[in-house]
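Okay, here's what each chain looks like letter by letter:
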Amino acid sequence: SRHGGKNLPPGPPTLVFVAKMLRLRGPIYHFGSVLRSLHARYGPIISVRLGRTFVFVADRRLTHSALIKGGGNFDSRPPPSEMFQLFLGGSMAASPLGAYFRLVRRNLHLQALQPSRVKLFAPERQRVCTAFVGSLRQEAQQGGGIVTVRPLLSRCMFDLLACMCFGVRLGQEALDEINQMQLQISDAVSRFPVFEGIFIYDMARRLVRKRWLALRKRQIELMLPLIRATRQGERCYADSLLELRVPEENDRPLTDEEMVSLCSEFMIASMDTSLALLEWIMADMVNHPEVQAKVYQEVRDKPELTDDDLRGSGMPYLKAVIMEGLRRHPVAHLVFPHGVQNDAEVGGYMVPKGSDINFLVGDFGLDETAWTAAREYQPERFLHDDHEVVDITGSKEIKMAPFGAGRRMCPGYVLATLHAEYFIGSLVREFQWLPPSQGVDMKEELAVAINMKNPLRARIIPRPAAAA
Ligand code: HEM
């Protein structure tokens, strides 16, 4: 196929593509397995016509030339699907490049993710971690030393993120209800986009629409009072949204819907991703006692890991373990779909204005042309005296991109890595982690994030308390 006299990227016939997608029945972010076989056949950049053109890029160098050298041309968003618009209309992820996008992205960065803001919630981080460790101890006592990490970790992470978002400690019942609701929403928004307009999917969507409308109504009922509540504690993300004005639209305040979408995005974007990453890294700790022992050496004398310990050059081995976790266990195959603003060439092919472009970043960390012994677990590769030091923003070269790259790169990557360092460091300081008798099952499950198929179970032995 051609566009403006130039070749579009090659690709399979539409019907073949749709049949493969339908067979997978997973969220769009996990079409990795289908895409891999198509890339093997058609090359590193492929396109499919599905109403508009969908382009998929599986090569890290082409991704670099589009997202870093492309000057923002590939960093808009396609028009959101009906489901995405319903639950996340007004969120950053749903917004095309423009004044509103810049406003909300800058606000998130300055008001919630800057180190000084994050530090305000250090006592809350410590509180949820202490509760988490207490629950692990209790479960181990009752279960012959064996614990299942995910349910307890999920409670603890959600409690912390809700606190950072709404500035209040919510009771367990409210936390559980909002957490459940957010899980359903993230599942719903990640399912339909490619198929919008295809008859059978439109039929299916109509059947569930009523349920989704009721869910959105309940979400607004639950979240709006939390956003509007008068708070006495630290300034939180919701406070900043109440004060935000849109200068390009007569200085209007955000609508209720926009504020709910932005808070929901804050939690969806950070919850499943962080949970999956932490569970995979703890599985690495269980499987590699020698690595766990080195992390323990770094943290054993710290009764509490402070933001100052974690930022800067402290704890190099712990940081290397987190990077190796991100390299080997990216939580998504694809970043969110990007929108193309103008016709442009990528890899010798024409990518037309208005197409969706998707980047298969999940495989970059295992690319043999970028990494020595790519399939081996070697945190040492990230130590500063080693030659493979990596810039996670990919500005010079993309070797891995678990957070994407360019203007749409995950704005939460510093917070996400800080949380990972804090929780992994604390868990290794408190317990020795050993495999259960049946070992650790490292199979993947393609849910909203790429999770461990079977939640991590481990045998834990409390360590001696660190000196205060
Ligand atoms: C391990 C944890 C995390 C991973 C692996 C992760 C990964 C990603 C990825 C791959 C994207 C898509 C980038 C693109 O479209 O090109 C993204 C976007 C986003 N992430 Fe994260 N993320 C994590 C944690 C967080 C946290 C803690 C927050 C903030 C509270 C956050 C907020 C966002 C937002 C708002 C977007 C949309 C950005 C935009 O559209 O401009 N994420 N993240």
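Residues numbered from 1 in each chain as written. Predicted model: local features only at pLDDT ≥ 70, side-chain atom pairs only at ≥ 80, totals over all residues.

## A short note on the overall build of the protein
- Each helix and strand counted, the protein has 16 helices and 15 strands in total.
- Computed over its C-alpha atoms, the radius of gyration of the protein comes to 22 Å, within 12% of the 23 Å expected for a compact globule of 468 residues.
- Within the protein, buried positions represent 45% of all 468 residues.
- A separation threshold of at least 6 residues defines the contact pool for the protein, and within that pool the share at least 24 residues apart is 76%. (Helix = DSSP H or I, 4+ residues; strand = E, 2+ residues; numbered from the N terminus. Rg over C-alpha atoms; globule rule 2.2 N^0.38 Å. Buried ≥ 20, exposed ≤ 12 C-beta atoms within 10 Å, placed from the backbone. Contact = placed C-beta atoms within 7 Å.)

## Remarks on the nonpolar core
- Counting residues in each nonpolar core, the largest one holds 128 residues, and the members touching the most others are Val-57, Cys-165, Cys-263, Ile-281, Met-282 and Ile-424.
- Of the residues forming this core, the biggest block, 19 residues, is contributed by helix H12 (residues 256-287).
- Ignoring anything within four residues of it in the chain, the contact list for Ile-424 reads Leu-278, Ile-281, Met-282, Leu-318, Val-321 and Ile-322. (Core = buried A, V, L, I, M, F, W, Y, C linked by C-beta atoms within 7 Å.)

## A short note on the site of the ligand
- Every one of the 24 residues lining the ligand counts as a neighbour, but Ala-269, Ser-270, Gly-404, Cys-410 and Gly-412 are closest to it.
- Of all the secondary structure elements, the ones that give two or more residues to the shell around the ligand are H12 and helix H16 (413-430).
- Looking at the shell around the ligand, the element that brings in the most residues is H12, giving 7 residues.
- Of the residues that constitute the shell around the ligand, the class distribution is 16 nonpolar, 5 polar and 3 charged. (Near = placed C-beta within 6 Å. Nonpolar A, V, L, I, M, F, W, Y, C, P; charged D, E, K, R; others polar.)

## With respect to the environment of Ala-66
- By secondary structure assignment, the location of Ala-66 is in helix H3 (residues 60-67).
- As for Ala-66 and Glu-345, which are separated by 279 residues in sequence, their C-alpha atoms are 9.0 Å apart.
- With residues near it in sequence (within four places) discarded, Ala-66 still touches Val-57, Phe-74, Val-346 and Ile-357.

## As for the pairing of strand S15 (residues 457-462)
- Note: strand S5 (residues 146-148) against S15, 3 bridges, orientation antiparallel. Each bridged residue has a counterpart across the sheet, and for Thr-148 the counterpart in S15 is Arg-457.
- Where strand S12 (residues 431-434) meets S15, 4 bridges bridge the pair, whose relative direction is antiparallel. Bridge pairing links Phe-431 to Pro-462 in S15. (Pairing = 2+ DSSP bridges.)

## Focus on the sheet that holds S15
- Strand order in the open sheet formed by 3 strands is S5-S15-S12, with antiparallel pairing between adjacent strands. Bordering the open sheet on either side are S5 and S12, each of which pairs with just one other strand. When strand polarity is set aside, the average angle formed by the axes of neighbouring strands in this sheet is 45°. (Axes fitted to C-alpha atoms, helices over the stretch in contact; angles between N-to-C directions.)

## Looking at the confidence of the model for the protein
- Taken over all residues, the pLDDT of the protein has a mean of 90, while the share at 70 or more is 93%.
- Confidence scores differ between elements of the protein, with strand S1 (residues 2-3) showing the lowest mean pLDDT of 68 and S12 the highest of 98.
- Confidence metrics for the complex model read pTM 0.93 and ipTM 0.99. (pLDDT = per-residue confidence, 0-100.)

## Here we look at unusual backbone geometry
- Phi at Asp-251 is positive, roughly 60°, even though this residue is not glycine.
- Here Asp-251 is to be found in the loop between strand S6 (245-246) and strand S7 (252-253).
- Despite not being glycine, Ala-373 has its phi angle at roughly 45°, a positive value.

## Quick look at the sheet that holds strand S11 (residues 356-359)
- Pairing in this open sheet of 4 strands is mixed, and the strands run S3-S4-S11-S8 from one edge to the other. Of all the strands in the sheet, the pair left with one neighbour each is strand S3 (45-50) and strand S8 (338-339).
- As defined by bridge partners, S8 adjoins S11 across 2 bridges and the pair is classed as antiparallel. When the sheet's bridge partners are listed, His-338 is paired in S11 with Ile-357.
- Sitting on the sheet, H3 is in contact with S3, strand S4 (52-57) and S11, with an inclination near 125° to S4.

## Side note on the packing of helix H8 (residues 149-166) against H12
- Where H8 meets H12, the closest approach of the two axes is 10 Å, and the angle between their N-to-C directions is 145°. Handedness of the crossing formed by H8 with H12: right-handed. From H8, Val-149, Arg-150, Leu-153, Ser-154, Met-157, Phe-158, Leu-161 and Cys-165 reach across to H12, where they touch Cys-263, Phe-266, Met-267, Ser-270, Met-271, Ser-274, Leu-275, Leu-278, Glu-279 and Met-282.
- Tallied by class, residues from the contact of H8 with H12 come to 13 nonpolar, 3 polar and 2 charged. (Left-handed = near helix turned anticlockwise from the far one by under 90°.)

## Side note on the pairing of S4
- Counting buried residues along S4, 5 of its 6 residues qualify, which places the element largely inside the surrounding structure.
- In this structure, S3 lies alongside S4, joined through 6 bridges in antiparallel fashion. From the neighbouring strand, Arg-49 faces S4, where its bridge partner is Thr-53.
- Counting the residues that bridge the hairpin from S3 to S4 gives 1 residue, and of these Gly-51 lies at a positive phi of roughly 80°.
- Here 4 bridges tie S4 to S11, and the two strands are oriented parallel to one another. Bridge pairing links Val-57 to Phe-359 in S11.

## Quick look at helix H2 (residues 32-42)
- Those residues of H2 lying buried are Gly-32, Leu-35, Leu-38 and His-39. For H2, the angular spread of buried residues about the axis comes to 125°, placing them on one side. Those residues of H2 that are exposed and angled more than 90 degrees off the buried face are Ser-33, Ser-37, Ala-40 and Arg-41.
- The elements touched by buried residues of H2 are S3 and S4.
- Of the residues one or two after H2, Gly-43 is the one with positive phi, at around 110°. (Arc of directions from axis to C-beta.)

## Remarks on the environment of Ala-112
- For Ala-112, the position within the fold is in helix H5 (residues 99-113).
- Here the alpha-carbon distance between Ala-112 and Cys-165, two residues 53 residues apart in the chain, equals 8.2 Å.

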